[in-house]
Amino acid sequence: MIAAWNFDPHVAGESGEKRQHKHIVSPQLLYTAAAFSMFRTANNIFINGGTFTEYHQHHQSTPSNARGMCISWLRLISLTPPFMFLAAIDRLIEAASLGALHNSGERFDPPKCHPNTRTAVLQNLMDWFIGEFVRALAPWSGWRRKSAIAQTFAELCAAKNCLLASFFFSRLALKRNNEKVFVATLAYQLWLHILESRPIIEAAINNNPAIFQLDFNTQFRTLFLDPLQLSSTGRFTSGTPFPNLIIIDGLDECKGADVQNTILNIISNALQQHRSALPFSLLISSRPEYHLTASFSVAPLHSLTFRLVLDDIYEPDDDIRLYLTNSFRDIRETHVMCTHLPDSWPSEEDIAKLVAKLSGQFIYAATVIRYVSSSQCNPLDQLDVIQGLHPVNDDRPYAQLDSLYINILSGVKNVEVVLQILGMAFVLTDNTDYSIVPLAVNNLEKFMQLTPGSVRLLLIDMLSVVDTSDHNKPIKFLHASFSDFLIDPTRAWGEVVLKAKSAGYTMSVGAICAK
């Protein structure tokens, strides 16, 4: 709030003579108005004219003295952030990111599991939560619809009054891609769901109005950990179980690997030091970035966690086939061209080819359906584009998927060398000459004259799309759509990798492999 004040008591009248407006306004009244949020949403306030008089218990000051006093008092107010006069809960809401909640309006229609899919994963999570697994913290990693699973699980637990708090990171949202609002958002949900925590949290904010500008550890301890710990001392005496599940989705989308590790370290230290006094379970989802995988692989997190990897054990192909079948049926029934879509479209063979190409990626499946179902295009032609039977026009059918791959490549330190390595790996695996066999990682390093261990180090930020864990085996592309992205000249980065597929380079590779 910006306030412009004019304390000149004289204002020129219509006749040219000066009039004196006498308005008596005490500083106490102004302070009370501010304290009760009278001008909470106002800005650019301008007050003109009037005499301000200060009242003491047995003495009334002169207007000139009052004027000086008011100027000093108003200077103090003008230098004070306006939210300082808000109630503690208003300041908490101001500092939080409500868009990060599982049911926020900002995340309207968030990704969720298609009905009757991912049931095994959801059941495993529910078993962990209700006590089949004894670990206190449950992270899982992977890139197969993890946010949809987290969203669906959050909704299931919220319906059972089990969800205490949630935070859905997003690298594209300014208030959801950093740690600055993380603790305040959790604290708000704690305040919302556990009535006994309200005076504790409000007192912490009132006692230290600058709490939201302090470091992560101080905020976490003051606004979240301490109120939760009070449950062990009998302060939470409602007699009914309170929600005790916290879901953090997309930790890898929080800016900065060091910040992500800080969040993990502070949470793990809290669990380790106060395990018996912390009545909650924590679920974290993330892509398997190296620094996060490493943190979960060593003490203390390794002994505190149950890890759930979203791999082929959960048969994602079956779920994707069901999703595609149901979605194409909806297109046939609701699209503007539904009368021109045969019941046999698409064929079972078409769906089988799509499932094979999707490599268990629900995001790829959702991208395909979104593209084919466009109301401005013929679904038959759109599917032909997906299958490579028709050329791509100005539209980009894989725009959402490409943005994810571009983000991954943007995070590597030496992208030119990385693209050469990936191009070599693809050339050796995607060929019809059986005399050319893929090179193991260690042999690829020799051929490209790289020092031992360089490939794994260079690709360490790409563990969600390639596997280099065994140096005696070739680089493995985890998703067929990623290799398609790399070699397609109509998509970003494609032309760069195509250089590695030039005739001369391929002939050199063939000569080496044929020996």
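About the criteria used
Residues numbered from 1 in each chain as written. Predicted model: local features only at pLDDT ≥ 70, side-chain atom pairs only at ≥ 80, totals over all residues. Heavy atoms only, no water. Helix = DSSP H or I, 4+ residues; strand = E, 2+ residues; numbered from the N terminus. Contact = heavy atoms within 4.5 Å. Buried < 20%, exposed > 50% of the residue type's maximum accessible area, 1.4 Å probe, protein only. Pairing = 2+ DSSP bridges. Polar contact = N/O pair within 3.5 Å; in protein donor to acceptor, adjacent residues only side chain to side chain. Expected span 1.5 Å × (residues − 1).

- Looking at an unreviewed UniProt entry, one finds the protein chain named Nephrocystin 3-like N-terminal domain-containing protein, with Psilocybe cyanescens as its source organism.

1. Digging into the overall build of the protein chain
(1) Moving on: Of the regular secondary structure elements, the protein chain holds 22 helices and 11 strands.
(2) Moving on: Considering only intrachain contacts with a sequence separation of at least 6, the fraction spanning at least 24 residues in the protein chain is 72%.

2. Here's the deal with the pairing of strand S6 (residues 163-168)
(1) Moving on: The element S6 is largely enclosed, with a buried count of six among its six residues.
(2) Moving on: Judged from the five bridges that link them, S6 and strand S7 (residues 245-249) form a sheet pairing that is parallel. Residue pairing in the sheet places Phe-167 in a bridge with Ile-248 of S7.

3. A look at the side chain of Ser-166
(1) Moving on: Topologically, Ser-166 is positioned in strand S6.
(2) Moving on: Judged by relative accessible area, which is 0%, Ser-166 ranks as buried.
(3) Moving on: A distance of 3.1 Å separates a polar side-chain atom of Ser-166 from the backbone nitrogen of His-102.
(4) Moving on: Sequence-distant contacts of Ser-166, defined by excluding residues within four places in its chain, comprise Ala-100, Leu-101, His-102, Thr-185, Gln-189 and Ile-247.

4. Remarks on helix H6 (residues 182-193)
(1) Moving on: Compared with an ideal rise of 1.5 Å per residue, which puts 12 residues at 16 Å, H6 spans 17 Å between its outermost C-alpha atoms and is within 8% of the ideal.
(2) Moving on: Summarising burial for H6: 10 of the 12 residues are buried, a large majority.
(3) Moving on: When we look at burial in H6, the residues that qualify are Phe-182, Val-183, Ala-184, Thr-185, Leu-186, Ala-187, Tyr-188, Gln-189, Leu-190 and Trp-191.
(4) Moving on: Among the structural elements, helix H3 (88-95), S6, helix H7 (198-207), helix H8 (216-229), S7 and helix H9 (257-273) are those in contact with the buried residues of H6.

5. As for unusual backbone geometry
(1) Moving on: The amide bond that connects Trp-345 to the next residue, Pro-346, takes the cis arrangement and shows omega of -15 degrees.
(2) Moving on: Unlike most non-glycine residues, Asn-161 shows phi in positive territory, near 60 degrees.
(3) Moving on: Phi angles above zero are rare outside glycine, and Gln-449 is one such case at about 60 degrees.
(4) Moving on: When its relative accessible area of 73% is taken as the criterion, Gln-449 is described as exposed.

6. Considering the environment of Ile-475
(1) Moving on: Take Ile-475: it is sitting in the loop between strand S10 (466-467) and strand S11 (476-477).
(2) Moving on: For Ile-475 and Phe-426, which are 49 residues apart along the polypeptide, the C-alpha to C-alpha distance reads 8.8 Å.
(3) Moving on: Setting aside residues up to four positions removed in sequence, Ile-475 forms contacts with Ile-421, Ala-425, Val-441, Leu-444, Val-455, Leu-459, Val-466, Asp-467 and Thr-468.

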